[in-house]
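# Results of the structural survey
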Amino acid sequence: MKKFFAVLFSFLMILSLNGCGKVQLGLTSHTDVAMGTVINLKIYSTDNKNYAEEVMGLLRELEEKELSVRAGSSEAAYVNANAGSDAVPVSAQFGELIGRCLEVGDRSDGALDVTLGNVVKLWNIDSLAGGEAVDFQLPDESALESALASCGNDKIGLSEERDQISLRADTALDLGAVGKGIALDRVRAYLQEQDGITGAVISVGGSVLTYGSKPDGTDWKVGITDPFDTGKVLGYLTLAGTHCISTSGDYERYVEKDGVRYHHIIDPHTGYPARSGLSSVTILSEDGFLSDALSTACFVLGSERGLTLATEYGCEALFVTTEGELLMTEGFRQLFGSK
Ligand code: AMP
Ligand code: MG
């Protein structure tokens, strides 16, 4: 009898180690399009809920209610429509976002400039990129000059309480440089509110959020695109826990004319696509907004000044020069490898 109980006990022990101790996780896996880019979701949870609809709803709402300069219903479009008038009221989160953009704009010496709307429109690269560039014309010099005169942090007024914004007449916001990063911050806040979610990896265009842990306990791997062969990766970041990774590159959206590549990252000092000797910049941070804002700003600044700015903000960075050289912070190097 004793022997029987001993065998039963060890059998139960094995069962509990193999079965009950290991919680079977549900997986939401979803690919979609929103915010003008491809969205990929992988969410692990202890329940069998499909989280795709709620996350996609959140991203679409962010675009339609806050960021899009095309959707008439967004706060950005509302501020643009009222350029030259009295200040208009904005939500706390939108005011906070603009405040943070202005701060990075100042600290980057104007390299990040969310008032570039008119210049971005003149280049029209976002809508031409990827297709045959038959319609592409270089912007008229004088049109570019006057569009550039409408840009700069000094053309925005943000009230001290960050609840009202005014724009100088003819100035237009464009939040394309920070939208994907803000999206990651909002998704992370949503994931944190869900008791059942244990881990996730979310990609919004060139920006990736890793959250929590993987079911098998191993670290997250995030590939960094090779700017010279976008079907390949330069290497992988190995990350435990929650991080945001944003890349800005001259390969993401561009058109080519007469052998010259015109890409979508504009140098606010010239009005032309930035020629800073870089092909891509990747920023790693716990803050999605910062990773996205700084990847754009550092691309414009070039590797030397970009490195200083990223370090000042406590972020890790990788710069890929147009010569194919890889420059990175020590922290980035420690997390970066070929596997
Ligand atoms: P990203 O891919 O994050 O580097 O953002 C590029 C997008 O931001 C472009 O498609 C434009 O809409 C906008 N943009 C381009 N250059 C700048 C800049 N220097 N500062 C702020 N926004 C920019
Ligand atoms: Mg960016």
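So, a few notes on the structure that sits alongside this text. (Residues numbered from 1 in each chain as written. Chains lettered and ligands numbered in written order. Predicted model: local features only at pLDDT ≥ 70, side-chain atom pairs only at ≥ 80, totals over all residues. Heavy atoms only, no water.)

### As for the packing of helix 9 (residues 288-301) against helix 10 (residues 303-312)
It is the contact of helix 9 with helix 10, at a shortest axis distance of 6 Å, that shows an interaxial angle of 150 degrees. Considering only the axes of helix 9 and helix 10, their crossing is right-handed. Judged by residue contacts, Leu294, Ala297, Cys298 and Leu301 of helix 9 engage Ser303, Arg305, Gly306, Leu309 and Ala310 from helix 10. Per-class residue counts for the contact of helix 9 with helix 10 are 6 nonpolar, 2 polar and 1 charged. (Axes fitted to C-alpha atoms, helices over the stretch in contact; angles between N-to-C directions. Helix = DSSP H or I, 4+ residues; strand = E, 2+ residues; numbered from the N terminus. Left-handed = near helix turned anticlockwise from the far one by under 90°. Contact = heavy atoms within 4.5 Å. Nonpolar A, V, L, I, M, F, W, Y, C, P; charged D, E, K, R; others polar.)

### Notes on the pairing of strand 7 (residues 207-212)
In terms of residue burial, strand 7 counts as a mostly covered element, since 5 of its 6 residues are buried. As defined by bridge partners, strand 6 (residues 197-204) adjoins strand 7 across 6 bridges and the pair is classed as antiparallel. Within strand 7, the residue paired with valine 204 across the bridge is serine 207. Remark: 2 residues form the turn of the hairpin made by strand 6 and strand 7, two consecutive strands paired antiparallel; glycine 205 in that turn has positive phi of roughly 55 degrees. Taken together, the 4 bridges between strand 7 and strand 10 (residues 243-249) define a ladder with antiparallel strand orientation. (Buried < 20%, exposed > 50% of the residue type's maximum accessible area, 1.4 Å probe, protein only. Pairing = 2+ DSSP bridges.)

### Let's talk about the packing of aromatic side chains
Inspection of every chain in the model, using the stated rule, returns 6 aromatic pairs. Taken together, a centroid distance of 5.2 Å and an interplanar angle of 75 degrees make the contact between tryptophan 123 and tyrosine 272 edge-to-face. Here tyrosine 272 lies in the loop between strand 12 (260-263) and strand 13 (278-285) and tryptophan 123 lies in helix 5 (residues 117-123), a separation of 149 residues in the sequence. Joined through ring pairs, the aromatic side chains of Trp123, Phe136, Tyr262 and Tyr272 make up one cluster. Its guanidinium or amino end placed over the ring of tyrosine 313, arginine 107 lies 4.0 Å from that ring's centre, counting from NZ or CZ. The aromatic ring of tyrosine 254 is capped on one face by arginine 261, whose charged end is 3.9 Å from the ring centroid. (Phe/Tyr/Trp six-rings, centres within 6.5 Å; stacked < 30°, edge-to-face > 60°. Lys NZ or Arg CZ within 6 Å of the ring centre and 35° of its normal.)

### Brief notes about the coordination of the magnesium ion (ligand 2)
Each pair of donors in an ideal four-coordinate tetrahedral metal site encloses 109.5 degrees, whereas pairs in an ideal six-coordinate octahedral site enclose 90 or 180 degrees. Donor atoms from the polypeptide that coordinate the magnesium ion (ligand 2) comprise Ala177 (O), Asp292 (O), Asp292 (OD) and Thr296 (OG1), at 2.1 to 2.5 Å from the metal. Here the donor residues for the magnesium ion (ligand 2) map to a single chain with the spacing A-x114-D-x3-T. With alanine 177 in the loop between strand 5 (164-167) and helix 8 (179-193) and aspartate 292 in helix 9, the pair connects residues that are 115 residues apart, well separated along the chain. With a relative accessible area of 2%, aspartate 292 lands in the buried category. (Donors = N, O, S within 2.8 Å, 3.2 Å for Na, K, Ca; no water.)

### What about the side chain of aspartate 113?
The residue aspartate 113 is located in the loop between helix 4 (92-107) and helix 5 in this model. Here the side chain of aspartate 113 touches threonine 115 through a polar contact of 2.5 Å, side chain to side chain. Not counting chain neighbours up to four residues away, the residues in contact with aspartate 113 comprise Cys151, Gly152 and Pro268. (Polar contact = N/O pair within 3.5 Å; in protein donor to acceptor, adjacent residues only side chain to side chain.)

### Some details on the pattern of salt bridges
Following the criterion strictly, the structure yields 16 salt bridges and no others. Taking the shortest distance from any N to any O, the salt bridge between aspartate 32 and arginine 60 comes out at 3.2 Å. In this pair, aspartate 32 is assigned in strand 1 (residues 26-34) and arginine 60 in helix 2 (residues 52-67), connecting sequence segments 28 residues apart. Under the relative-accessibility criterion, aspartate 32 is labelled partly exposed at 22%. Here aspartate 185 ties to arginine 188 by a salt bridge, and the two come within 2.8 Å at their closest N and O atoms. Taken together, the residues aspartate 185 and arginine 188, both in helix 8 and 3 residues apart, mark about one turn of the helix. Take aspartate 185: its relative accessible area is 13%, and that puts it in the buried class. Its relative accessible area of 15% is what places arginine 188 among the buried residues. The structure contains a network of salt bridges with shared partners spanning Glu103, Arg107 and Glu312. (Salt bridge = Lys/Arg side-chain N within 4 Å of Asp/Glu carboxyl O.)

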